Structure formats: C-alpha cells, structure tokens
Amino acid sequence: MNRITWNQLKLPIKEISLDIILPSGQSFRWKKHGDEWVSVLNELIVILRQEDDHILYRSIPSQARATLTTPIDVESVLQDYFNASIKLSKLYREFGARDKYFKTIAPLFSGIRILRQDPWETLCSFICSTNNSIKRITQMIDSICLTFGTYVATYDGVAYYTFPRPEDLCASGSVVQKLRELGFGYRAPYVYKTALQVHEWQLLGHELAELRGSSYEKVREFLMELPGVGPKVADCVCLMAFDCHSSVPIDTHMWNIVQRRYAKDAKIRPSKSKTLSKSTYDDISSHLRGLWGDYAGWAQSVLFISELRKNA
DNA sequence: GTCAACCCTACCAC
DNA sequence: AGTGGTAGGGTTG
C-alpha cells in the first residue's frame, strides 16, 4: 500500500534528539504516532523516525495541489529545517567551557538544536504562546490550521493541513470571532491584526523571510512593532525563524533559572517582583548573550528544556 | 521648590 | 505561562 521508501537523514544521531526537540515548545506542529513524528513542511507531509544510529524520513506530497511537476528535495528541506550545518557538539563544548552550570546540565540533555522554522508560522505561534502552555498552544495551532489552512493529505488516518498564510486570516473581521471560538481568547485580535499588517507588507512586495539577513536588533525592533509581540515573543521568533542565534528569550522558566543560578553574575538585584521589567529583561538577556556567545540562544534552549523536564 | 522626561514596580484585563 | 495599559512612586537635570 505504502510504497514510499525511507531515506536516511544526513545528520549524525548525536547531533539531534527528536523526542526532546519536537514536543518542547519550539514547533507546535509535530504529532507523534507510535515511533513516527509527523508534520507538514513546505506543503508536504514529512515523517521522521529516530533509529538507534540514524534518522529516517519520508514524505507525502500534497493531494490538493499538483506539486508533482515540481519535485521537492526533502533532504534539503530537512537540512535547512534542522540547521544541520551547525555543529551541535562543538557548541556544547564551547558552552561548557564558558559556563560551569551548563556543563553540569548538558550531559543530561544532548541533541537539543534550534529549528529554522517558517517566519510567519513561528511569529503567529508565539503570539499565541503568551500566558499559555505547550499543550494548549499545540491545540490552538492545530485548530487554526484545520480551520484556515489548506488540506495537504491524510496519513495514518489523520488529515494534515498547511499553516494558514497571513491573507488566509485577513478574510474579514469574523476571523477574530472564529479564533475566539477556537479558544484563542485575548490572542485572537493580536493574531488578526498581525496577519493584517504582515499581509499589507507583503502586498508591498516584501516577505518576512527577507529579514533573515538583517541584524538581531533590526529584526527584533521590527517584530516588536506588531501587536501581541513583546520582548519575549520577539526573541523566540528571532531565534527560531530569523537566524538570530544569539537571541536569548527569557520566559518564566529561564527567569527561575537565572534567579537560582546566575543572579549574582548577572547583577540581578534581589527583587521580589514576580514580573520582569523591560530593562531587567534586557539586562539578563544580554548578560547571558555575553556568557554564552554568538549562539547563546542554543544554550538557552538546553537549559530551558532541562527546567521544563524538571517541572513536568 | 517645581516640573517635565523618564524608569521602575505593582496590578489587572485580555 | 506574556503583553498592553494604568497608576503611583522614585530619579534626573
């Protein structure tokens, strides 16, 4: 029945741990079926399987579109998506040399890499992430795709859809109401207004992806203009979609770690405040950027996940 | 002494 | 598990 053959991903197994990366709050689009991870990338279903010493993948093209005429090099798509050119083991060594705490944590969480995700999908997803849990965000993203996305194909009894483009969410004001019905709450107008702005920008001939060449500061500034995007969301999107590897998002988990382990070095005054001020946020973020270096965001994600697992 | 121009914390709705 | 907005206090020049 299924004659699609498996291919072997050209990325050393030590460099990647699917079970840690895929469900830990970077992407909210991967579903696990048995020992397979399934998602939609570039309008086609991608299936991943982690074996003992390598990762296998295969893909299913969109049934809704005639993509057969333009074959997609899935290996390239995955190399790009996993930032495969970045050598994780080297980064871990460097982080460990710079930071004693990282050195103690890292061995327990190997293969954590930053994904290079679609800018719009990432932006939209992280606007939805505020004051929210991975489980619920995943649910929301699932329903926004089902409601506003395009059908791709069905695999293992599950229908897969693309992530809606900005214009798909600009149809009318009823989008906000629909999003509220889907459980987006106060995030509904943020998503809608941001879609409107991004679409307008696209009509001017721009694409979010073109910002990938810009500096971290430029991208961050641009993103923070958008409704529902503050420092934390901007930093997540910078890191996970715009190649700003030095961006260090400080969420509540990182804030806990900083207070516990880095407060003295980061010169954090012992405030009892539960919330981060903008300036304290920037102080912490740049301190960690100085500590970990150009790929600080990659170190952040290791500690973030260690904290996530601890509380789970 | 007073007054913008901040910047911070707290607080709450979304 | 954040953002946007407000109020109230502190600091600076």
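Above this text sits the structure in question.
Here is a short report on the structure shown in this document. (Residues numbered from 1 in each chain as written. Chains lettered and ligands numbered in written order. Predicted model: local features only at pLDDT ≥ 70, side-chain atom pairs only at ≥ 80, totals over all residues. Heavy atoms only, no water.)

What the rule picks out here adds up to 11 aromatic pairs. Seen from their ring centres, Trp30 and Tyr81 are 6.0 Å apart, and the 50 degrees between their planes marks the pair as tilted. Note that Trp30 is positioned in the loop between α1 (18–21) and β2 (31–33) and Tyr81 in helix α2 (residues 74–81), a separation of 51 residues in sequence. Residue Trp30 shares its accessibility class with Tyr81, and that shared class is buried. A ring pair is formed by Tyr295 and Trp298, whose centres lie 6.3 Å apart and whose planes are at 70 degrees; its orientation type is edge-to-face. Look at Tyr295 and you get partly exposed, because its relative accessible area is 29%. Its relative accessible area of 1% is what places Trp298 among the buried residues. An aromatic cluster is built from Trp30, Tyr81 and Phe82, whose rings are joined through pairwise contacts. We note Arg49 situated over the ring of Trp6; from NZ or CZ to the ring centre the distance is 4.7 Å. (Phe/Tyr/Trp six-rings, centres within 6.5 Å; stacked < 30°, edge-to-face > 60°. Helix = DSSP H or I, 4+ residues; strand = E, 2+ residues; numbered from the N terminus. Buried < 20%, exposed > 50% of the residue type's maximum accessible area, 1.4 Å probe, protein only. Lys NZ or Arg CZ within 6 Å of the ring centre and 35° of its normal.)

Backbone-to-backbone hydrogen bonds join strands into a sheet, with any given pair of strands oriented parallel or antiparallel. Across the sheet, which stays open at both edges, the 5 strands sit in the order β1-β5-β4-β3-β2 with antiparallel pairing between neighbours. A single partner strand is all that each edge strand has here, and the edge strands are β1 (7–8) and β2. As paired strands, β2 and strand β3 (residues 36–41) are joined by 3 bridges and run antiparallel to one another. Residue pairing across strands places Lys31 opposite Val38, the latter belonging to β3. (Pairing = 2+ DSSP bridges.)

Within strand β4 (residues 44–50), 5 of the 7 residues are buried, which leaves the element mostly enclosed by the surrounding structure. For β3 and β4, the ladder comprises 5 bridges, and the chain directions are antiparallel. Of the residues in β4, the one forming a bridge with Trp37 is Leu48. Linking β3 to β4, which pair antiparallel, is a turn of 2 residues; within it Asn42 sits at a positive phi near 50 degrees. Direction of pairing for β4 relative to strand β5 (residues 55–60): antiparallel, over a ladder of 6 bridges. Following the sheet pairing, Arg49 is matched in β5 by Leu56. Between β4 and the antiparallel strand that follows it, β5, lie 4 residues.

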